[in-house]
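Observations on chain architecture
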Amino acid sequence: MGENILKTKSFAFSLKIIETYKEIVKNYKEYVLSKQLLKAGTSIGAMVRESEFAQSKADFISKLSIGLKESNEAEYWILLLQQSNYINEKTAKLLLDYNRELTSMLVASVKTTKKSLNKKH
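An account of the accompanying structure is given in this report. Along each chain, residues carry numbers from 1 onward, in the same order as the chain's sequence is written. Thresholds applied to this predicted model are a pLDDT of at least 70 for local features of residues and 80 or more for the giving and counting of side-chain atom pairs; totals over whole chains, interfaces and linings are not thresholded and use all residues. As a convention, hydrogens and water are excluded, and side-chain values are obtained from all of the structure's heavy atoms.

Here a helix means four or more residues in a row that DSSP labels H or I, a strand means two or more in a row labelled E, and each is numbered from the N terminus. A count of helical and extended segments in the protein chain gives 4 helices and 0 strands. Each helix (α) and strand (β) of the protein chain, taken in turn from the N terminus, gives the series α-α-α-α. Over its C-alpha atoms, taken along the principal directions, the protein chain stretches across nearly 55 × 25 × 20 Å. With 121 residues in all, the protein chain has 35% of them scored as buried. For the protein chain, long-range pairs separated by at least 24 residues make up 76% of all intrachain contacts whose partners lie at least 6 apart in sequence. Relative accessibility decides the category of a residue: with a 1.4 Å probe and only protein chains considered, values under 20% of the type maximum give buried, values over 50% give exposed, and everything between is partly exposed. The contact criterion used throughout is that any non-hydrogen atoms of two residues lie within 4.5 Å.

The nonpolar core is taken to be a set of buried Ala, Val, Leu, Ile, Met, Phe, Trp, Tyr and Cys residues, with the residues joined through side-chain atoms within 4.5 Å. Leu-6, Phe-13, Ile-78 and Ile-87 are the most contacted members of the largest nonpolar core, which has 25 residues in total. If you list the elements that add at least two residues to this core, you get α1 (5-28), α2 (32-51), α3 (57-83) and α4 (89-120). Considering each element in turn, this core owes the most residues, 7 residues, to α4. The contact partners of Ile-87, leaving out residues within four places of it in the chain, are Thr-20, Ile-24, Ile-78, Leu-81, Gln-82, Ala-92 and Leu-95.

This brings us to the side chain of Ser-10. Relative to the elements of secondary structure, Ser-10 occurs in helix α1. Here Ser-10 falls in the buried class, since its relative accessible area comes to 1%. Within the structure, Ser-10 has its side chain in polar contact with the backbone oxygen of Leu-6 (distance 2.9 Å). Not counting residues within four places of it along the chain, the set of residues in contact with Ser-10 comprises Ile-44, Gly-45, Val-48 and Leu-102. Definition of a polar contact: a pair of N or O atoms within 3.5 Å, with one able to donate and the other able to accept a hydrogen when the atoms are protein atoms, and with sequence-neighbouring residues admitted only if both atoms are side-chain atoms.

Considering only enclosed or pocket space, the largest pocket measures out at about 210 Å³ in volume. Cavities and pockets are found on a 1 Å grid laid over the protein atoms alone: a cavity is a set of points where a 1.4 Å probe fits but cannot escape, a pocket is an open set with protein on both sides within 12 Å along at least five of seven lines, and a lining residue has an atom within 4 Å of such a point. Lining of the largest pocket is provided by 13 residues; of these, Glu-19, Thr-20, Glu-23, Ile-87 and Thr-91 occupy positions nearest its centre. Within the residue set of the lining of the largest pocket, elements represented by two or more residues are α1 and α4. With 7 residues, α1 is the largest single contributor of residues to the lining of the largest pocket. Grid points are joined across faces, edges and corners, and a volume is the space filled by probe spheres set on the points.

For this analysis, a ring pair means two rings from Phe, Tyr or Trp (six-membered ring only for Trp) whose centres lie within 6.5 Å, classed as stacked if their planes differ by under 30 degrees, edge-to-face if by over 60, and tilted for the remaining angles. Within the structure shown, the criterion is met by 3 aromatic pairs. Consider the rings of Phe-13 and Tyr-98, whose centres lie 6.1 Å apart with planes at 35 degrees: the pair is tilted. Linking Phe-13 in helix α1 with Tyr-98 in helix α4, this pair joins segments that are 85 residues apart in sequence. With a relative accessible area of 0%, Phe-13 lands in the buried category. On the numbers, 5.3 Å between centres and 90 degrees between planes, the contact of Tyr-28 with Tyr-86 is edge-to-face.

So, on to the packing of α2 against α3. Note on geometry: axes are lines fitted to C-alpha atoms, helical ones only across the stretch in contact, with angles between N-to-C directions running from 0 to 180 degrees. Packing of α2 against α3 brings their axes to within 8 Å, and their N-to-C directions diverge by 155 degrees. By the angle between their axes, α2 is roughly antiparallel relative to α3. When you trace α2 past α3, the crossing you get is left-handed. Each residue receives one of three labels: charged for Asp, Glu, Lys and Arg, nonpolar for Ala, Val, Leu, Ile, Met, Phe, Trp, Tyr, Cys and Pro, and polar for the others, Gly being one of them. By residue class, the composition of the contact of α2 with α3 is 14 nonpolar, 7 polar and 5 charged. Put simply, angles under 35 degrees are roughly parallel, angles over 145 are roughly antiparallel, angles from 65 to 115 are roughly perpendicular, and the rest are oblique. Crossing handedness is read from the near helix: turned anticlockwise from the far helix by less than a right angle, it gives a left-handed crossing, and turned clockwise, a right-handed one.

As structure tokens, then:
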């Protein structure tokens, strides 16, 4: 079986989120907003990992759908942290680009799986 690109990219995104969280805490001693970003941003990869051992296609869809919700939330925190000057525009753009790519991949995976479920019924 080949490399799981979604798994690889969501893990890389989690590492970028952790790096950003550490910088915010170190430079600004800000713990509330940055922790929200940390939770949402790393949850995406966690849901992708959980989906690998889903009990059914419906469970797989559910896990990736939760990942999509977390991705949407992560985007909110990235934008909020940028607008409140905790992260600069360059960092925000990097994170948003990563996140939007993950969102697209998650949407595609959910759609493909839903189609295959509908073909059986």
